[in-house]
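# Understanding the architecture of this molecule
Listed here are the chains, written in short residue letters.
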Amino acid sequence: LRDACGVAPTSAERICRARDAHVSRGARARQSRMAATILLAEDQADIRDLIALNLRNAGYAATAVGDGAAALARQIEAPAELLILDLMMPDLDGFTVLERLRSDPATHDLPVVVLIAKDLTARERESLRRSAQQVVGKGDTGQGPLLDRLDRTIEHLLAPSGGGHAGRGRRE
């Protein structure tokens, strides 16, 4: 690479440019996180608190509720851009929440990341393939795999060509 005068940049200049590009990417990622609102529906308080804390520490605006009915109500009151949904909850399980979300035009396209702690039947896997962006095992709820998957989903959501919503059924 040469500048306008045909002079090659020094190693220090190349390092500074690379650093500036990296800092700029990091700032954009932080901005995306701060702008992203996430609703978490998890009935187990310890898991709910851990995930919510990790999301907030990563810069997301996260709200946590303890059951499926509360998730549906909260989504109507204060719509989130993404829902993290526990599959196995008492009263209103994740499958029922997904059915209701997908049947309502206001929430039909809401991106959903489903948390699972059980083995799924072939029918359940197919249902989730059609209605959720990601399926994550609860063993992956630390700062690594879950936040990496959320970052990719949110980046897709916020991308100018993303159309505002991630496509359902996408797997990474």
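Only a predicted model underlies this, so the values are computations on that prediction, with no experimental measurement involved.

### Considerations on the pairing of strand β1 (residues 37-41)
The buried count for β1 comes to 4 of 5 residues, which makes it a mostly enclosed element. On the question of chirality, the crossover connecting β1 to the parallel strand β2 (residues 61-65) by way of helix α2 (residues 45-57) is right-handed. Direction of pairing for β1 relative to strand β3 (residues 82-86): parallel, over a ladder of 4 bridges. When the bridges of β3 are listed, A41 appears paired with L85.

### Description of the sheet that holds β3
Spatially, β2-β1-β3-β4-β5 is the arrangement adopted by the 5 strands of the open sheet, whose pairing is parallel. A single partner strand is all that each edge strand has here, and the edge strands are β2 and β5 (134-137). Within the sheet, the average angular offset between the axes of one strand and its neighbour, ignoring direction, is 20 degrees. Relative to β5, strand β4 (residues 112-116) is paired through 4 bridges, and the arrangement is parallel. Its bridge partner lying in β5, L115 is registered against V136.

### Considering the layout of surface pockets
Quantified by volume, the largest pocket comes out at close to 200 Å³. Along its surface, the largest pocket is lined by F95, L98, E99, R102, R123, E124, S127, R130 and S131. Those elements giving two or more residues to the lining of the largest pocket turn out to be α4 (94-103) and α5 (122-131). If one sorts the elements of the lining of the largest pocket by residue count, α5 sits on top with 5 residues.

### Let's talk about the nonpolar core
Counting 22 residues, the largest nonpolar core has L83, L85 and V114 as its most contacted members. For this core, the secondary structure elements donating two or more residues are β1, α3 (68-77), β3, α4 and β4. For this core, the element with the most residues is α4, which contributes 4 residues. In this view, V114 contacts L85, L87, L98, L128, A132, Q134, V135 and V136; residues no more than four positions away in its chain are not counted. One finds Y60, V113, L150 and I154 within the second-largest nonpolar core, a separate group that totals 19 residues.

### Some thoughts on the confidence of the model for the chain
The pLDDT averaged across the chain works out to 79; a share of 68% of its residues lies at or above 70. A low-confidence stretch, residues 162-172 (pLDDT under 50), is modelled with 37 contacts involving residues beyond four sequence positions or located in other chains.

### Some details on the environment of T153
Inspection of the secondary structure puts T153 in helix α6 (residues 145-158). When its relative accessible area of 0% is taken as the criterion, T153 is described as buried.

### Some points on the environment of I38
Along the chain, I38 turns up in strand β1. For I38, a relative accessible area of 1% gives the class buried. Through-space distance from the C-alpha of I38 to that of P79 is 8.9 Å; in sequence the pair is 41 residues apart. Aside from chain neighbours lying at most four places away, what touches I38 is L55, Y60, A61, A62, T63, A80, L82, I84 and I154.

### Here we look at the pattern of salt bridges
Within this structure, the stated rule accounts for 3 salt bridges. In this structure, E124 engages K118 in a salt bridge whose closest nitrogen and oxygen atoms are separated by 2.9 Å. Residue class for E124 comes out buried when judged on its relative accessible area of 17%. Residue R130 is joined to E126 by a salt bridge in which the shortest nitrogen-to-oxygen separation is 3.5 Å. Pair noted here: R130 and E126 are both in helix α5, with a separation of 4 residues, about one helical turn. Judged by relative accessible area, E126 falls into the partly exposed class, the value being 30%. Linked through salt bridges whose partners overlap, the residues forming this network are E126, R129 and R130.

Rules used in this analysis
Residues numbered from 1 in each chain as written. Predicted model: local features only at pLDDT ≥ 70, side-chain atom pairs only at ≥ 80, totals over all residues. Heavy atoms only, no water. Buried < 20%, exposed > 50% of the residue type's maximum accessible area, 1.4 Å probe, protein only. Helix = DSSP H or I, 4+ residues; strand = E, 2+ residues; numbered from the N terminus. Right-handed = clockwise from strand over helix to strand, strands pointing away. Pairing = 2+ DSSP bridges. Axes fitted to C-alpha atoms, helices over the stretch in contact; angles between N-to-C directions. 1 Å grid on protein atoms, 1.4 Å probe; cavity = no way out; pocket = protein on both sides within 12 Å on 5 of 7 lines; lining within 4 Å. Points joined across faces, edges and corners; volume = space filled by probe spheres on them. Core = buried A, V, L, I, M, F, W, Y, C linked by side-chain atoms within 4.5 Å. Contact = heavy atoms within 4.5 Å. pLDDT = per-residue confidence, 0-100. Salt bridge = Lys/Arg side-chain N within 4 Å of Asp/Glu carboxyl O.

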